[in-house]
Amino acid sequence: MFMKRNILVVFQPEGFLSRTCVHYTFVPKHTPCQDWALNQMQEFIDSTSKLFVLTGAGISTESGIPDYRSEGVGLYATSTRRPVQYVHFMRSSKARQSYWARNYIGWPRFSSFKPNISHLTLAEWERRGKVHCIVTQNVDNLHQKAGSRRVHELHGTAFSVICTTCSQTVTRHSFQTRLREDNQHMSAHSLEIRPDGDVELTEEEVNNFKVPSCEQCGGILKPDIVFFGDNVPISRVNKVRQELASCDGLLILGSSLFVYSGYRCGDTTT
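**Q** Looking at this structure, how should I read the sheet that holds strand 10 (residues 249-253)?
**A** Pairing between the strands of a sheet comes from backbone hydrogen bonds, and it takes one of two forms, parallel or antiparallel. Strand order across the open sheet formed by four strands is 6-5-4-10, with parallel pairing between neighbours. A strand with exactly one partner marks an edge of an open sheet, and here the two such strands are strand 6 (151-153) and strand 10. For this sheet, the mean angle separating the axes of adjacent strands, direction not counted, is 20°. Sheet topology places strand 5 (residues 131-136) next to strand 6; three bridges connect them, and they run parallel.

**Q** Would you explain the nonpolar core in this entry?
**A** The tendency in soluble globular proteins is for nonpolar side chains to be buried side by side. The biggest cluster of nonpolar side chains holds 29 residues, and the ones touching the most others in it are Tyr99, Trp100, Phe110, Met186, Leu201 and Phe209. Residues contacting Met186, with those up to four places away along its chain left out, are Ala101, Tyr104, Ile105, Leu201, Glu205 and Phe209. Core analysis: the second largest hydrophobic core is formed by twelve residues, Leu51, Val53, Val131 and Leu251 among them.

**Q** What is the right way to look at the pattern of salt bridges in this model?
**A** Between side chains of opposite charge, a pair can form as their charged atoms come close. Scanning the entire structure with this criterion turns up four salt bridges. A salt bridge links Arg127 to Glu124; the shortest N-O distance between them is 3.1 Å. Here the residue Arg127 and the residue Glu124 both occupy positions in helix 5 (residues 117-128), the gap between them amounting to three residues, near one helical turn. Judged by its relative accessible area of 26%, Glu124 falls in the partly exposed class. Of the charged contacts, one joins Arg128 and Glu124 as a salt bridge, the two residues approaching to 3.0 Å between their closest N and O atoms. You can see Arg128 and its partner Glu124 sitting in helix 5, four residues apart, about one turn around the helix.

**Q** Looking at this structure, how should I read the pairing of strand 10?
**A** Regular strands place side chains that alternate from one sheet face to the opposite one. The alternating pattern of strand 10 places Gly249, Leu251 and Leu253 on a buried face, while none of Leu250 and Ile252, on the opposite face, is buried. As paired elements, strand 4 (residues 51-55) and strand 10 share five bridges and run parallel to each other. Counterpart to Phe52 in the pairing with strand 10 is Leu250.

**Q** What is the right way to look at the packing of aromatic side chains in this model?
**A** A ring pair, where both rings are aromatic, is described by two values, the distance of the centres and the angle of the planes. Enumeration over the complete set of coordinates arrives at nine aromatic pairs. Pairing Phe110 with Phe113 gives two aromatic rings, centres 6.3 Å apart and planes at 85°, and the pair type is edge-to-face. Taken together, the ring pairs connect Phe89, Tyr99, Trp100, Phe175 and Phe227 into an aromatic cluster.

**Q** Teacher, can you tell me more about the sheet that holds strand 7 (residues 156-163) here?
**A** Taken in spatial order, the three strands make up an open sheet running 8-7-9, and their pairing is antiparallel. Lying at the two open borders of the sheet, with one neighbouring strand each, are strand 8 (169-171) and strand 9 (221-225). Across this sheet, the average inter-strand angle for adjacent strands is 40°, counted without regard to direction. Where strand 7 and strand 8 come together, three bridges link them in antiparallel fashion.

The rules we used
- Residues numbered from 1 in each chain as written.
- Predicted model: local features only at pLDDT ≥ 70, side-chain atom pairs only at ≥ 80, totals over all residues.
- Heavy atoms only, no water.
- Pairing = 2+ DSSP bridges.
- Helix = DSSP H or I, 4+ residues; strand = E, 2+ residues; numbered from the N terminus.
- Axes fitted to C-alpha atoms, helices over the stretch in contact; angles between N-to-C directions.
- Core = buried A, V, L, I, M, F, W, Y, C linked by side-chain atoms within 4.5 Å.
- Buried < 20%, exposed > 50% of the residue type's maximum accessible area, 1.4 Å probe, protein only.
- Contact = heavy atoms within 4.5 Å.
- Salt bridge = Lys/Arg side-chain N within 4 Å of Asp/Glu carboxyl O.
- Phe/Tyr/Trp six-rings, centres within 6.5 Å; stacked < 30°, edge-to-face > 60°.

Printed below as a string of structure tokens:
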């Protein structure tokens, strides 16, 4: 899919193109796509019968979720704040308190984002048998909301919470209820949202926030996502490689492949 002026051009199997207007709040400046590129892309789509699709944060910006690296509009361009590192989260109770306080306030909005035309198109391609699988670097669940079923979440999902000791998992929605019960004093609001769903809060708001432990073993709870500085489980990597080997085409959408876990999916030599 490419942008021509304010029209999103969506490639359909068997020579059919649909066009729809979209909103580009978090999309960086760009130049219109040339017709030769559209034709080349259409030829590629038509020539494949078992498509492997790798998606990154750029595919969700039109749903209202900012990404990290887009020029002028991504998190790194608009804020000095950086995502929490895995080691810092595990070692510091203050880091966990700050993370969960900000995520608690951001969750109602983050969990309500809806899939855009890109997610919906891929889901339709899957129903038609064109897309064999989708591997996404995103944790926003938008592919599933769009109706895709063959989705591998490379970096996990923000819609699940896991105990780092006993590995018990609970849904993020049920954990939100626990957080609300333990923090009834919390009434902060934020108009901003980060790529993984958290927001900016004052130090005072964070310091008064209570973080529950695992109900089964008392262990540390974290979202079931791969934090910066952590590793994608090898079993997940191997499954993705098996899927890629069985496909006859690779389509990358919304990713710069800057993150190595995504890059090696597109590099069949690794």
